[in-house]
Amino acid sequence: MALQIVAGTANRALADSVAEILGNEPAPVTVERFPDGELRPVVDGLQGADVYVVQPTGPPVNEHVMELLLLVDACRRAGVARITAVTPYFGYARQDRRGRAGQAIGVRVVAEALASVGTWRLIVVDPHTVALEAICAVGVEMLTAVPLLARELGTGSLGEWALDGAVVVAPDLGAVKLAEHYGALLSRPVAVVRKTRLSGRRVVAEELVGDVRDRPVIIVDDMISTGGTIEAAAEVVAAHGAAPEIVVVATHGLFVESAAERLNRARTHHVLVTDTLAQPPTPAMPLGVCSVAPLLADAIGRLHRDEPLDDLLART
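Anyway, here's the lowdown on the structure attached to this text. Treat the numbers as computed from the prediction; the structure is a model and nothing was measured.

## What about the nonpolar core?
In step 1: One finds V6, C75, F90 and L122 to be the most contacted residues of the largest nonpolar core, which totals 35 residues.
In step 2: With seven residues, the top contributor of residues to this core is helix α2 (residues 61–77).
In step 3: Listed in part, the 27 residues of the second largest apolar core include V167, V169, V217 and F255.

## Topic: α2
In step 1: Over its 17 residues, α2 extends 24 Å from the first C-alpha to the last, a length consistent with the 24 Å expected when each residue adds 1.5 Å.
In step 2: Looking at the packing, one finds that the buried side of α2 touches β1 (3–7), β2 (29–33), β3 (39–43), β4 (50–54), β5 (82–86) and α3 (106–116).
In step 3: Where α2 ends, the next residue or the one after it, G79, has phi of about 85 degrees, a positive value.

## A word on the packing of aromatic side chains
In step 1: Taken as a whole and judged by the stated rule, the model has zero aromatic pairs.
In step 2: Note that R82 overlies the ring of W120, its terminal NZ or CZ placed 4.3 Å from the centroid.

## Description of the environment of V169
In step 1: Mapped onto the secondary structure, V169 falls in strand β8 (residues 167–170).
In step 2: With a relative accessible area of 0%, V169 lands in the buried category.
In step 3: Residues V169 and V220 lie 51 residues apart in sequence; the distance between their C-alpha atoms is 6.3 Å.
In step 4: Ignoring any residue separated from it by four or fewer positions in sequence, one finds V169 in contact with A179, A191, V193, V212, V217, I218, I219, V220 and V237.

## Quick word on the packing of helix α5 (residues 146–155) against helix α6 (residues 176–186)
Packed helices, taken two at a time, are described by the angle between their axes plus the distance between the axes.
In step 1: Running from N to C, α5 and α6 cross one another at 50 degrees; their axes reach a closest spacing of 10 Å. One element, α5, and the other, α6, form an angle in the oblique class. For the element pair α5 and α6, the recorded crossing hand is right-handed. Residues V146, P147, L149, A150 and L153 of α5 form the contact with α6, whose own contacting residues are L178, H181, Y182, L185 and L186.

## Notes on the side chain of T226
In step 1: Relative to the assigned elements, T226 resides in the loop between β11 (217–224) and α7 (228–239).
In step 2: A distance of 3.3 Å separates a polar atom in the side chain of T226 from the backbone nitrogen of G228.
In step 3: Here R262 takes part through its side chain, which lies 3.1 Å from a polar atom of the side chain of T226.

## Some details on unusual backbone geometry
In step 1: Look at the link from P59 to P60: it is a cis peptide, with omega at -10 degrees.
In step 2: Counting through the fold element by element, P60 comes out in the loop between β4 and α2.
In step 3: Positive phi outside glycine occurs at F255, with the angle close to 50 degrees.
In step 4: Here D306, not a glycine, exhibits a phi torsion of approximately 60 degrees, which is positive.
In step 5: Within the fold, D306 resides in the segment after α9 (293–304).

## A few points about the pairing of β3
Consecutive side chains of a regular strand alternate in pointing toward one face of the sheet and then the other.
In step 1: Taking every second residue as pointing to the same face, the buried face of β3 carries L39, P41 and V43, while none of R40 and V42 on the other face is buried.
In step 2: Hairpin connection of β2 to β3: five residues between the antiparallel strands, including G37 at a positive phi of 100 degrees.

## Focus on the sheet that holds β4
In step 1: Spatially, five strands are ordered β1-β4-β5-β6-β7 in an open sheet, and the strand pairing comes out parallel. Lying at the two open borders of the sheet, with one neighbouring strand each, are β1 and β7 (139–143). The mean angle between the axes of side-by-side strands here comes to 20 degrees, regardless of whether they run parallel or antiparallel.
In step 2: Of the pairings in the sheet, the one linking β5 to strand β6 (residues 121–125) comprises three bridges and is parallel in character. Bridge pairing links A85 to L122 in β6.

## Considering the pairing of β11
In step 1: Within β11, eight of the eight residues are buried, which leaves it mostly tucked inside the rest of the structure.
In step 2: Looking at chain direction, β8 and β11 are connected through three bridges and run parallel. Directly across from V167, in β11, lies its bridge partner V217.
In step 3: The parallel pair β11 and strand β12 (residues 246–253) is bridged by α7, and the resulting crossover is right-handed.

## A closer look at α5
In step 1: Looking only at α5, the buried set comprises V146, L149, A150, L153 and G154. Within α5, the buried residues cover an arc of 135 degrees as seen down the axis, which keeps them to one side. The exposed residues of α5 that point more than 90 degrees off its buried face are R151 and T155.
In step 2: If you follow the buried residues of α5, they end up packed against α6, β11, β12, β13 (268–274) and β14 (287–290).

Rules and cut-offs
Residues numbered from 1 in each chain as written. Predicted model: local features only at pLDDT ≥ 70, side-chain atom pairs only at ≥ 80, totals over all residues. Heavy atoms only, no water. Core = buried A, V, L, I, M, F, W, Y, C linked by side-chain atoms within 4.5 Å. Buried < 20%, exposed > 50% of the residue type's maximum accessible area, 1.4 Å probe, protein only. Helix = DSSP H or I, 4+ residues; strand = E, 2+ residues; numbered from the N terminus. Expected span 1.5 Å × (residues − 1). Contact = heavy atoms within 4.5 Å. Phe/Tyr/Trp six-rings, centres within 6.5 Å; stacked < 30°, edge-to-face > 60°. Lys NZ or Arg CZ within 6 Å of the ring centre and 35° of its normal. Axes fitted to C-alpha atoms, helices over the stretch in contact; angles between N-to-C directions. Parallel < 35°, antiparallel > 145°, perpendicular 65-115°, else oblique. Left-handed = near helix turned anticlockwise from the far one by under 90°. Polar contact = N/O pair within 3.5 Å; in protein donor to acceptor, adjacent residues only side chain to side chain. Pairing = 2+ DSSP bridges. Right-handed = clockwise from strand over helix to strand, strands pointing away. Arc of directions from axis to C-beta.

This is how it looks when you write it as structure tokens:
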């Protein structure tokens, strides 16, 4: 059973890097676009293959989710042996519960749709909800990029800055475990901001637990969307006397709407993300990008050989 990488259009550069590490050429794929916006993917040469469809579902989320579903269906109809959806960023993961009657649970809808088109397994990186594994009807491998980002903080372009008296800050209660993971890897203390989300765009940070006075701060989260959570957390740590240099670290950089403006306004010295989502060549902020291609290639290779992934998985 041959291993084949199928690249969607959401992040072709990442898919190409994964294929190169595996010594593989991406399979021939054409995504036809109709004038009304419909997509029709066509794949070739996949009969009997072990296929890995690389397609993060970031902005525009709905288009990329639909393309992923159609790619998986196209692979199934091409007679492949099994299909793994490699979605390092999994859109709709924030919609894992109802806040009121009448709301949809988006993550379950997407998960069930993936299962219905023939997905055998799902690979994600630092998903917003650890409930994803329980929600999905197919097997889920939840990888983590935290060790990769922590190494970059300590030895990459920031040099030893991150190890010099810094405090790791969780911008909300949902990021506490993540902050503790970074703190353990960097041997740094952790502080926590308590916030209230008023809407998808508006966040109010209210108080800080921990000491940041006169110390550099590393704000960590799984994703940066509009930057509202980071900006609110930055205001709180500044009010508590933190040093002016703020580093922000997240696995997924969506940077939608006025995110760059907000991050610059929050006095960020450096922003560090991975390439789970394609990043612009000339970002509007001091941005560093670490590639998850080696992590994904390692996981894909192990799954193809039926080997365990224990040391690559996210903490839950």
